[in-house]
Amino acid sequence: MDISYRWLQSLVPGLDLPPEALAERLAMCGAPADAVIALGEPLRDIRIARVIEARRHPNADRLSLCRVDAGTGELLNVVCGAPNVRGGATYPFAPAGATLPGGMVIKRAKIRGEESNGMLCSARELGLGRDHEGILELHGDFTPGDSFIEAVGLDDWRFVLDITANRPDLLSHIGVAREIAPAGDAGVVLPPVAATGDGRAQALAQFRAARVHRVSDAGEAEGIRISIEDAEKCPRYIGVVIRGVTVGPAPEWLATRLRAIGQRPINNIVDATNFVLHELGQPLHAFDLARLRGSEIRVRRAAPGESMVTLDGEKRDLSPDMLVIADAERPVAVAGVMGGQESEVADDTRDVLLECALFDPRSIRRTRRALGLSTDASYRYERGVDPEGMERAARRAVELILATAGGRAEPVLLDVNPRPFEAPVAPLRPARAQHVLGVALGADLLVSLLQPLGFRALAADGDALRFRVPGWRAYDVTREADLIEEVARRYGYDRFPEELRPFRPSAVPDHPVAILEDRLRSLLVGRGLLESRTMGLASEAEGDVALTNPLSSAESRLRRALLPGLVHRVEYNLARGNRDVRLFEIGTVFAPGEPGAQPLEETWLALAFTGARHAPHWSAAPEPYDIWDLKGLLADLVALLYPAAGVLEPGTHDPLLVPALGFHVPADDGSAWVAQGGQVAPGGVDAPAWAGPIWGMELRLAGAELAPGARGYRVVPTQPAIEWDLALLIADAVPAARVEALIVDAAGASLERVAPFDLYRGPGIAEGTRSIAYRLRFRAPDRTLTDAEVERAVERVLRRLKEELGVERR
Amino acid sequence: MDLIQELETLEREGREAVGTVRDADALEALRVRLLGRKEGRLTAILRQLAQLPPEQKPVIGAAANRVKDALTELLETRAAELEAESGGAAAGLDLTLPGRTAWRGARHPVTLVVDEITAVFRSLGFTRARGPEAETDWYNFVSLNTPLDHPAADAADTFYLSPGVLLRSHTSPVQIRTMQAFQPPIRVLIPGMVYRRDPFDASHAPGFEQIEGLAVDEGITFADLKATLAEFARRLFGPAAKVRFRPSFFPFTEPSAEVDVTCFLCGAKGCSACKGTGWMEIMGAGMVDPAVFEAVGYDPERWTGWAFGMGPGRIALLRYGIPDIRLLYESDTRFLQQFA
Ligand SMILES: [Zn+2]
């Protein structure tokens, strides 16, 4: 919402806050300014100057040599090229050193041998118009040397206010004026419309005596008939007829006001309605009466298949749930959104029907959305227009039209009002206000805080004060809670104390996944991984749940898995020459749910890494990550999240991974896995030639052990252990895991640990066979084992290895 | 018995001298002076042994051996120390070369901010709650006092999955779910992803992190909200930080406020980040609207509460001086590593 400082001043006599202070004040009222634009700023160097004498340049026919009074105490020589310069006239003047709006700096110069100390300016040079016929002669009482912007009223500031959806009243100058006037609503005064010329002053005086003809559904006055066929969507419609207007440019003062808030002046009729819209917040529309068929206005729903061309030249297809303003034959406006082209006011318009209506916010909103057409009017109707300000707005618009376009208004306002406004009455218990706000505010104080905002105190109901809500707040203030907010706002948020009081701790336990996420992040960061965050949005190929209104096809689905997105992040890094990439992400994945219901969601953890296993060091060549890094990390995470899961099963079934170079942990809920990992299939990765394999894994946190498991104490051994190394020749067809399992089984209870510590393949070992060396550690909890006992156990192991697996000692 | 005294003196002086030696050459010189076979002081003492009566010889001899052993050990220990002190160079190592390090991991900058916020509110009695990212419009809007035809529920700003099912546009639905599942006192912190239909640019992302707080109990007031957020600001941004509440509008709180904190980049003097105002808008807050309590079946006459919400991503951008929100989601390791 754009607000002009000068316009505001015209409504609040005595408003003298500097613009910056006003912006601050507005922010504390709930209407912060996104920007405060000093409109005269580009013209700050321009002064008023009077040409005392202008004569022909001695060396150039088309130039004049002027003696100029620019208020400096001496007359300046100025060379001027404009044909209209004359002695005795007043012009805007850019002295030497001044900067023009375009950024050009005026310099003292010699022009054809004569000194020139500045420039007399045209409207175009000042950015004020296209007129390049000559310099801008100023008519009126001006003092040389004065600031040009102040002298002509361009010293204004535009406040670009950020108005929240609950405050449609602030979408007008009067609404903002009410907030900032010291006395509130009572301190706001509408400057009367003045007319020059006897005929206009007389027409104005006559109209001020016009009466209101109020009817419920339909009525006729002065040759126009108005009917409302849908009272719910249109509770009220005021029409006034003005005859004999002359369409032309609006006077400078009105055009200046509109320009100050960024509006383009169009003509006196449209500008008058636009002025009232921004002054009072009431949208208005002027129809060319001659173009309304049947001299009739019907407020009705659009008929099936009906269409019309709106002011912007677009053909609009209407549907029966849209409200239109129609004449006897066809729609002439989309109600509350935009007027029609055919009935618009044109240069030859003589008679005008002024519409001042009220529409249901929901209906306007639906129509606006359906048509994809948002206007100043629809924006305000959607949020709520003051039902009590309509007559005043209609009268003010008519007065402005009479004053600026002449003509004569019919002496009747036809007010069709099937649903008269009933002001809400809201209670306010002082004790409740204290209960919510935490400060004690007496009844008198409450009344004095609310009264200036237009809330009228009615007779109290027991402990509860009662307030009549003004029309301009009727949309958002209906309940006690709403009044309490107004009280707090008016009292001043900054006056509330900031002292912490005792509180009761939360009865809600920490969410277990939140705890788990913390532990995983600590663990993975400790392992040298960088946390990645991506969004849940994915392409069609990578998601099964579709958005109905995506921004792009690359973000048209919700991701089904985390790893693909993380691999894209690895690709992104490789493309930028980052060779060592170690990423993890904890995030949400989605699967289709029941039709029409929410999709299924799970929190997953994913890792993707590539490049060197260790940070570079001069002592050794970098080694790339391999499958054992992947398996070890995956096993650690599985042990943490799924302690009961046992070993990782070789192989994966995910097309993203190389099937033979990965592992998975089966799920018991019917899904393929609870954890999987392996080499990311190179075919699906966009990586430079130098890049090594990318390793990836995903783990579901949904079924994971959410709390750290009970960690029991086991006796720390006191007896010595005996270690025994066995180098075994194992055929490639025999998996190491079977060998190890058999060792455990055959060695007996005293075997504490068995682990491979070397693998050899090559000369001395038969083809198709490898040598794996295992270290066995034996210990009895209660006594010292003898070598003989261990030897017997090892013999058992070797015997069974040979018998059952064909494995021999090397 | 003079010899015994001489031996004791030798041991004492030798012990003192060893401690003052600074290099191997001096140590060798000291060794020769003390224990040298020809000129050493011990040798000099032992030479007098011949003149002693036979019965004294074993006693003095044993004492001399003990002193010799003690001094020898002292000299060897000191030699080892000196060796260690100069050892590297001696072994040909250039100790100015860098040492072996491990890869350094890092939490995401947004996580860092979430963690900090969580730590502050934890100490103020809050626990963490979570909820689904795909929600129904009832949870996302209606229960939060936002009718579906209200401008605040504009579909243009929300991703839909099917009629009535959407990606949550704020974490506030978790307020509703928490109140449905628990009875007060409630003090929960709700971090999570939210989605809005904003094209991805330098200052907008279609999905981003939000963190929200909710407190519900008997007798909780607007003044408590202000006090709590002021305390939060001091803990997060430093003891000099102040908050400013400005009236605002959220359908699910009333009174509502935008909460500004004194600019932590310029110390409230005014800079480009705070548009010269000295204040930074960091969150929205307000008292839970009675209509929200009614939606979850709480008695609004009995319970009061407040809620607040902020964007840790935005705070991360400001705090770390990150100019473009897209950096948060690109996962460039050169970016992420800066937070190690
Ligand atoms: Zn600043």
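As a reminder, the structure under discussion sits directly above these lines.
Note that the structure is predicted; figures quoted are calculated from it, not measured. (Residues numbered from 1 in each chain as written. Chains lettered and ligands numbered in written order. Predicted model: local features only at pLDDT ≥ 70, side-chain atom pairs only at ≥ 80, totals over all residues. Heavy atoms only, no water.)

Trainee: Tell me what's going on with the nonpolar core, and back it up with residues and numbers.
Mentor: Across soluble globular proteins, nonpolar side chains show a tendency to be buried alongside one another. By size, the foremost hydrophobic cluster in this structure holds 107 residues, and its most contacted members are Leu428 and Leu437 of chain A together with Phe121 of chain B. Take this core: its biggest share by element is eight residues, from helix H9 (residues 222-237) of chain B. Aside from chain neighbours lying at most four places away, what touches Leu428 of chain A is Ala433, Leu446, Leu450, Asp463, Ala464, Leu465, Phe467, Glu480, Leu483, Ile484 and Val487 of chain A. In terms of nonpolar packing, the next biggest core, distinct from the first, is built from 99 residues, Val193, Val240, Val247 and Val299 of chain A among them. (Core = buried A, V, L, I, M, F, W, Y, C linked by side-chain atoms within 4.5 Å. Buried < 20%, exposed > 50% of the residue type's maximum accessible area, 1.4 Å probe, protein only. Helix = DSSP H or I, 4+ residues; strand = E, 2+ residues; numbered from the N terminus. Contact = heavy atoms within 4.5 Å.)

Trainee: Tell me about the interface of chain A and chain B, and please be specific about residues and values.
Mentor: With 102 residues of chain A at the contact, the number on the chain B side is 104 residues. At the junction of chain A and chain B, the tally comes to 13 salt bridges. The salt bridge partner of Arg533 of chain A is Glu209 of chain B, with a shortest N-O separation of 2.7 Å. Across the chain A-chain B interface, the total number found is 62 residue pairs in polar contact (both at pLDDT 80 or more). The element that contributes the greatest number of residues to the side of chain A that touches chain B is helix H14 (residues 512-526) of chain A, accounting for eight residues. Residues that form the side of chain A that touches chain B fall into these classes: 44 nonpolar, 24 polar and 34 charged. (Salt bridge = Lys/Arg side-chain N within 4 Å of Asp/Glu carboxyl O. Polar contact = N/O pair within 3.5 Å; in protein donor to acceptor, adjacent residues only side chain to side chain. Nonpolar A, V, L, I, M, F, W, Y, C, P; charged D, E, K, R; others polar.)

Trainee: Summarise empty space enclosed by the protein; cite the residues concerned and give the values.
Mentor: Considering all chains together, one arrives at five cavities of 30 Å³ or more under this definition. Forming the walls of the largest cavity are 18 residues, and the residues nearest its centre are Ser172, Leu280, Gly281, Gln282 and Asp386 of chain A. If you tally residues by element for the lining of the largest cavity, the top one is helix H10 (residues 390-405) of chain A, at three residues. For the lining of the largest cavity, the residue count by class is eight nonpolar, five polar and five charged. In this structure, the second largest cavity spans a volume of roughly 70 Å³. What lines the second largest cavity is a set of 13 residues, among which Thr164, Asn166, Arg167 and Arg489 of chain A together with Ser248 of chain B lie closest to the centre. Listing elements by their share of the lining of the second largest cavity, those giving two or more residues are helix H13 (480-491) of chain A together with strand S7 (243-250) of chain B. Within the lining of the second largest cavity, the residues separate by chemical class into four nonpolar, four polar and five charged. (1 Å grid on protein atoms, 1.4 Å probe; cavity = no way out; pocket = protein on both sides within 12 Å on 5 of 7 lines; lining within 4 Å. Points joined across faces, edges and corners; volume = space filled by probe spheres on them.)

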